[in-house]
Amino acid sequence: MIPPAFGSMSLTPAANWDGPQVAGGRPPVPLPSCCHFLEQANEALLLTDAEHRILVMNRAFGDFIGCAANALVGQPLSDYLLSPTALLHDEFDDRFRVQVECRHVSGERRPALLSVSRLRDATGGVERHVIVVTDLAALMDSSRPQSQGREVYFDALTGLPNLQLVTQLIQDALQHAERTDGELAVCSLDLDHFKAINDRLGESAGNLLLSGLAQRLSHLLGGDEVLARIGGDEFVVVMHRRAEHAFLEQLQSAIRQPILIGDQSVRVSASLGVTHYPYDAVDGEVLLRHATQAMYRAKQRGRDTYHCFDPDLDQALQVRQERRRRFAQAIDGDELRLYYQPQVDMASGEVVGVEALVRWQHPQEGLLAPGLFLPDIAGTSLEIDLGEWVLSQALCQLQSWREAGITLPVSVNISPAHLLQDDFPERLAVLLEANPQVPARLLKLEVLETAAMHDINTAMAVIRQCQTLGVDVAIDDFGTGFSSLTYLRQLPVDLIKIDKSFVRDMLSDPGDMAIIESIIYMANRFDRAMLAEGVESLEHARALFRVGCTLAQGFGIARPMPAGRVPEWLEEWPRREEWTDLQRPIDGSHLV
Ligand code: C2E
Ligand code: MG
Ligand code: MG
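The rules behind the values
- Residues numbered from 1 in each chain as written.
- Chains lettered and ligands numbered in written order.
- Predicted model: local features only at pLDDT ≥ 70, side-chain atom pairs only at ≥ 80, totals over all residues.
- Heavy atoms only, no water.
- Near = heavy atom within 4 Å.
- Polar contact = N/O pair within 3.5 Å; in protein donor to acceptor, adjacent residues only side chain to side chain.
- Areas by Shrake-Rupley, 256 points an atom, 1.4 Å probe, with all protein chains shown as cover.
- Helix = DSSP H or I, 4+ residues; strand = E, 2+ residues; numbered from the N terminus.
- Donors = N, O, S within 2.8 Å, 3.2 Å for Na, K, Ca; no water.
- Buried < 20%, exposed > 50% of the residue type's maximum accessible area, 1.4 Å probe, protein only.
- Axes fitted to C-alpha atoms, helices over the stretch in contact; angles between N-to-C directions.
- Left-handed = near helix turned anticlockwise from the far one by under 90°.
- Contact = heavy atoms within 4.5 Å.
- Nonpolar A, V, L, I, M, F, W, Y, C, P; charged D, E, K, R; others polar.
- Parallel < 35°, antiparallel > 145°, perpendicular 65-115°, else oblique.
- Salt bridge = Lys/Arg side-chain N within 4 Å of Asp/Glu carboxyl O.
- Expected span 1.5 Å × (residues − 1).
- Pairing = 2+ DSSP bridges.

A. Spatial organisation of the site of ligand 1. Neighbouring residues of ligand 1: 21 residues in total, closest Arg359, Asn413, Asp476, Glu536 and Phe555. Measuring from a nitrogen atom of ligand 1, one finds a side-chain N or O atom of Gln341 at 3.0 Å. Within the side chain of Glu536, one N or O atom sits 2.7 Å away from a nitrogen atom of ligand 1. Surface burial for ligand 1 is 82%, taken as the share of its 790 Å² of free accessible area covered by protein chains. Within the residue set of the shell around ligand 1, elements represented by two or more residues are strand S14 (351-362) and strand S18 (472-478). Tallying contributions element by element places S14 first for the shell around ligand 1, with four residues.

B. Just the coordination of the magnesium ion (ligand 3), in detail. Taken together, Asp476 (OD), Asp477 (OD), Glu533 (OE) and Glu533 (OE) make up the full set of protein donors to the magnesium ion (ligand 3), lying 1.8 to 2.8 Å away. Residue classification places Asp476 among the buried residues on the basis of a relative accessible area of 5%. Residue Glu533 is classed as buried on the basis of its relative accessible area of 7%.

C. Representation of the coordination of the magnesium ion (ligand 2). With distances of 2.1 to 2.2 Å, the protein atoms coordinating the magnesium ion (ligand 2) are Glu355 (OE), Asn413 (OD1), Glu446 (OE) and Asp476 (OD). When the donors of the magnesium ion (ligand 2) are listed by position in the chain, the intervening gaps give E-x57-N-x32-E-x29-D. The distance between the magnesium ion (ligand 2) and the magnesium ion (ligand 3) comes to 4.0 Å, and Asp476 binds to both of them. One end of the pair, Glu355, is in strand S14; the other, Asn413, is in strand S16 (residues 410-414), and 58 residues separate them in sequence. What makes Glu355 buried here is its relative accessible area of 5%.

D. Structural view of the packing of helix H6 (residues 203-218) against helix H7 (residues 245-256). Between H6 and H7, the shortest axis-to-axis distance is 10 Å and the interhelical angle comes to 145°. Considering only the axes of H6 and H7, their crossing is right-handed. Contacts from Leu213, Arg216 and Leu217 in H6 reach Leu251, Ala254 and Ile255 in H7. Looking at the contact of H6 with H7, its residues break down into five nonpolar, no polar and one charged.

E. Representation of the packing of helix H4 (residues 163-180) against helix H8 (residues 284-300) within the structure. The geometry of H4 relative to H8 is characterised by a closest axis approach of 8 Å and an angle of 115° between their N-to-C directions. As far as their axial angle goes, H8 and H4 are roughly perpendicular. The way H4 lies across H8 gives a crossing that is right-handed. Every residue of H8 that contacts H4 at Leu163, Thr167, Ile170, Gln171 and Leu174 is listed here: Gly284, Glu285, Leu287 and Leu288. In terms of residue class, the contact of H4 with H8 is made up of five nonpolar, three polar and one charged.

F. Quick look at the pattern of salt bridges. As enumerated under the stated definition, the model contains 22 salt bridges in all. Here Asp155 makes a salt bridge to Arg229, at a shortest N to O gap of 2.8 Å. Pair noted here: Asp155 is in the loop between helix H3 (136-143) and H4 and Arg229 is in strand S7 (residues 226-231), with a separation of 74 residues, a long-range link. The class for Asp155 is buried, based on a relative accessible area of 14%. For Arg229, a relative accessible area of 13% corresponds to the buried category. One salt bridge in this structure joins Arg320 and Asp376, with 3.5 Å as the shortest N-O distance. Here Arg320, found in helix H9 (residues 311-332), pairs with Asp376, found in helix H10 (residues 374-377); they are 56 residues apart in sequence, far enough to count as distant. Salt bridges sharing partners connect three or more residues here, namely Glu355, Glu446, Lys497 and Glu533.

G. Structural view of H8. For H8, spanning 17 residues, the distance from its first C-alpha to its last is 25 Å, which sits close to the expected 24 Å at 1.5 Å a residue. For H8, the set of buried residues is Gly284, Val286, Leu287, Leu288, His290, Ala291, Thr292, Ala294, Met295, Ala298 and Lys299. On its buried face, H8 is in contact with H4, strand S6 (184-191), strand S8 (234-239), strand S11 (270-277), strand S12 (306-308) and H9. Between a side-chain oxygen at the N-terminus of H8 and the backbone nitrogen of Glu285 the separation is 3.2 Å; the capping residue is Asp283. One or two positions beyond H8, positive phi appears at Gly302, with a value near 115°.

H. Seen up close, the pairing of strand S17 (residues 443-448). The pairing of S16 with S17 spans five bridges and is parallel. Its bridge partner lying in S17, Val410 is registered against Leu443. With five bridges connecting them, S17 and S18 associate as parallel partners. The residue of S18 that forms the bridge with Glu446 is Ala474.

I. Highlighting the sheet that holds S7. Pairing is mixed across the open sheet formed by five strands, whose spatial order is S7-S8-S6-S11-S12. The open sheet is flanked by S7 and S12, the only strands paired with a single partner. Taken over all neighbouring pairs, the strand axes of this sheet differ in orientation by 20° on average, direction set aside. Inspection of the sheet shows S11 paired to S12 by three bridges, in the parallel sense. Counted as the bridge partner of Leu272 is Tyr306 from S12. The sheet contacts of H4 involve S6, S7, S8 and S11, and relative to S7 the element is tilted by about 140°. Most of the contacts of H8 go to S11, to which it runs at about 140°, and overall it touches S6, S8, S11 and S12.

Listed below in structure tokens is the structure:
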């Protein structure tokens, strides 16, 4: 129903125009070159002169009235309107819309919306009008039961199309854009703090403000562009072109101009959200929803601004939300597993504990490492749900190992958000109480260095409370969080885990080796135990041993494994003499 923008029409007289002569003896004014286009358009279109005599009417308008294209040329348009005065409009208002009833040749009344654009000559006199005729009966037929009147399509206060009509108009405009490979912008506009204004000045002043703004905004739009009021202080603009930055600024500055209500000058602002088809290739209703979503984003960003909807970002967000929903199911549906990776003392060969590492046994995608799902749940309450699951699962495992005669401390990774929850120590105490046969000293927590540094005072308090319960705390991935010496001294941790990134390259990168040596030096000075992660080879183990770090964990010792495989590994381990006999290099006898 909405034709392409007339703003782009050329007004250059067509040299070879030999179209219909205007009745009434006036010499024909040269017609614009767009007339051919008018005739071709699918929408009902008219070109009238200054007095609204029909100069050109296309086939679609002929169909609407019940005659051939151009059959009414030369006749006053008002002859075909039941309310002829409808076209008398404010002389200064060059764009307006008016709801009329047209007279079909059969005598039938046909409701229509006329969108009128005045074209002026060089001296400012009105030369012609371009009129887009929207067949409201057709709209009603396609979207509403017959019994409902056309007033369902217009907002009583402003006379603008309402939500029903604009939804239909967007759908029509979309089809038009599809056919013509054109663009479409849907813009949602919501006044900021309108409720406060309404409360302060009263409802009738609020209404005056809304209709005043509606008028102002209409003036910024082309004849084929739609302004609708879809709710209290919510408007929608639909146009067949990109809503460029300059245009959006123009809308906003028009809204910001003070408006006089009685003797009060009132100022308002609005938040705008825009989406563009075909960039956002969805149907009409979704386009409107996306524009509204973007408008809410503009509100969040502090109001009196605009935000453009980004379909790629929305897609990514939806994917992430879907993954979160799926992960929540995984927790409830028993799809998570804990794998255990041994930690050993290379000096004594003793196994000092295991680290619990979560895995997702996904029914379709197989066994997923935490790097594939933890980022999706970061910052959500699922992080806490997972943490609780891991803690209680680890305690159950401790219990069953104890029953099997295996006493092996289990370290659990605690996410920063989980650790800093107000009731973390209380929840931990409850979980420990639920497993009374498991001594608290067998449970250890691993806290990321970055988490501890983020809110050092809270972290310290929580860590102390955990230790009071008998649970040791290790600082994980140490060296990656730029901890200062002071912090390390203050942090009441029992173990420092040297990050695997330094260990991996320590043999080839003197810088990494220097970092490891400094960490070991600091840990010794502050009397903290330390453990190296990522020990992949005997060579790494020996080098670490040489610089004084004897606790180790890594693929060279064992990969993370399901709980069921741990007893078997524990039996095997003492037989791996090259690893368990590392203390011998202290004599220097077989160092590389
Ligand atoms: P992390 O706590 O530092 O755990 C050590 C990670 O290094 C594990 O990866 C482990 O499989 C891997 N690793 C161990 N030895 C070696 C080695 O020699 N070479 C190499 N290249 N890697 C080694 P994973 O299991 O993929 O876990 C990655 C991270 O995910 C963990 O790092 C931890 O931060 C987090 N994570 C794992 N499980 C949990 C959990 O239950 N809760 C929370 N909040 N985070 C977890
Ligand atoms: Mg860890
Ligand atoms: Mg680590």
